[in-house]
Number of protein chains: 2
Amino acid sequence: MNLLDAVLVALAEPTRRQLLDLLAERGEASASTLAQALPVTRQAIVKHLAVLDDAGLVSSRRAGREVRYRTRPERLAQAARDLSELATAWETRLATIKRLAEEGD
Amino acid sequence: MNLLDAVLVALAEPTRRQLLDLLAERGEASASTLAQALPVTRQAIVKHLAVLDDAGLVSSRRAGREVRYRTRPERLAQAARDLSELATAWETRLATIKRLAEEGD
DNA sequence: AACATGTGCAACCCTGAGGTTGCACTAAGG
DNA sequence: CCTTAGTGCAACCTCAGGGTTGCACATGTT
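Because the structure is a prediction, the values reported are computed rather than measured.

A.B. asks: Whenever I open this one, the environment of Ala12(A) confuses me. Can you help?
C.D. replies: Assignment of secondary structure puts Ala12(A) in the loop between helix H1 (3-11) and helix H2 (14-26). For the pair Ala12(A) and Gly27(A), spaced 15 residues apart in sequence, the C-alpha to C-alpha distance is 22 Å. Other than its neighbours up to four places away in sequence, Ala12(A) contacts Arg17(A), Leu8(B), Val9(B) and Ala12(B).

Next up, the structure:
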């Protein structure tokens, strides 16, 4: 599974998108803190953060006894570019097909 | 669930991404035809196409006894723009936080 | 030292998504 | 009219993903 795939999978989950919102809002936060803002357990949060980390959408660092997470906008920006490219490729395809159809009739 | 969410969910599935590839490649295809190119049943394909349709990533039209599907690049392009916006918003947040931290120290 | 807070790990539960099979229905072609 | 190819519907199966609980471990505080 390449990175774009991982990003898409990561973003497909409502809770994970909420987590990203919270992180973007706060700049940095621990799993325990985040758990207080959402209707799920800390453990669930941790799992989600792991998925987000695999997708490169968040990074973490240890600060004493807690682990702080933050967003990584570059990855999201990259994913956006990838999707954009894909869209352009489709458009080109469709344009070509349309053109051929018109010529051939 | 708004449209971007639906798009993300739709794209999170490998088989659906393959379907989109095939459609982009062929310009137009029916569920039965697509099923021949993938290791799953026509029914599975139909379900996936329904999800893609809900997300606005494909459109369909009846042609005699078959239903032909095609990609809709605008939606994907829109999704790409939305993600890009989100990334920018995060970047702005992080920049602000960083600035405040420097000023306040 | 004792306590509180945050994390890590593992087992477990359960729903939904992806997939299949079977059959009825409809349209095209001989 | 009969056959063939494509679709639609519904019941069913299976498993990974999201979630929980319980407990051990580590760090900070008094």
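A.B. asks: Before we go on, may I ask you to explain the interface of chain A and chain B in this structure?
C.D. replies: Interface size is commonly expressed as the accessible area that is lost once the parts come together. Facing 27 residues of chain A, the contacting portion of chain B comprises 27 residues. When the two sides are added together, the surface that chain A and chain B hide from each other amounts to roughly 2,600 Å², 77% of it contributed by carbon and sulfur. On inspection of chain A and its partner chain B, the count reaches 2 salt bridges. For Arg17(A), the salt bridge goes to Asp5(B), with nearest N and O atoms at 3.3 Å.

A.B. asks: Looking at this structure, how should I read the pairing of strand E3 (residues 66-71) of chain B?
C.D. replies: Each regular strand carries side chains that alternate between the two faces of the sheet. Residues and elements named next belong to chain B. Summarising the sheet, strand E1 (residues 29-30) and E3 pair through 2 bridges and their orientation is antiparallel. For Ser30, the partnering residue across the bridge sits in E3 and is Arg68. Both strand E2 (residues 58-63) and E3 contribute to a ladder of 6 bridges, which runs antiparallel. Following the sheet pairing, Ala63 is matched in E3 by Glu66. The turn linking E2 back onto E3 is made up of 2 residues, and Gly64 within it adopts a positive phi angle of 70°.

Each value, and the rule that gives it
- Residues numbered from 1 in each chain as written.
- Chains lettered and ligands numbered in written order.
- Predicted model: local features only at pLDDT ≥ 70, side-chain atom pairs only at ≥ 80, totals over all residues.
- Heavy atoms only, no water.
- Helix = DSSP H or I, 4+ residues; strand = E, 2+ residues; numbered from the N terminus.
- Contact = heavy atoms within 4.5 Å.
- Buried area = accessible area lost by both parts, 1.4 Å probe.
- Salt bridge = Lys/Arg side-chain N within 4 Å of Asp/Glu carboxyl O.
- Pairing = 2+ DSSP bridges.

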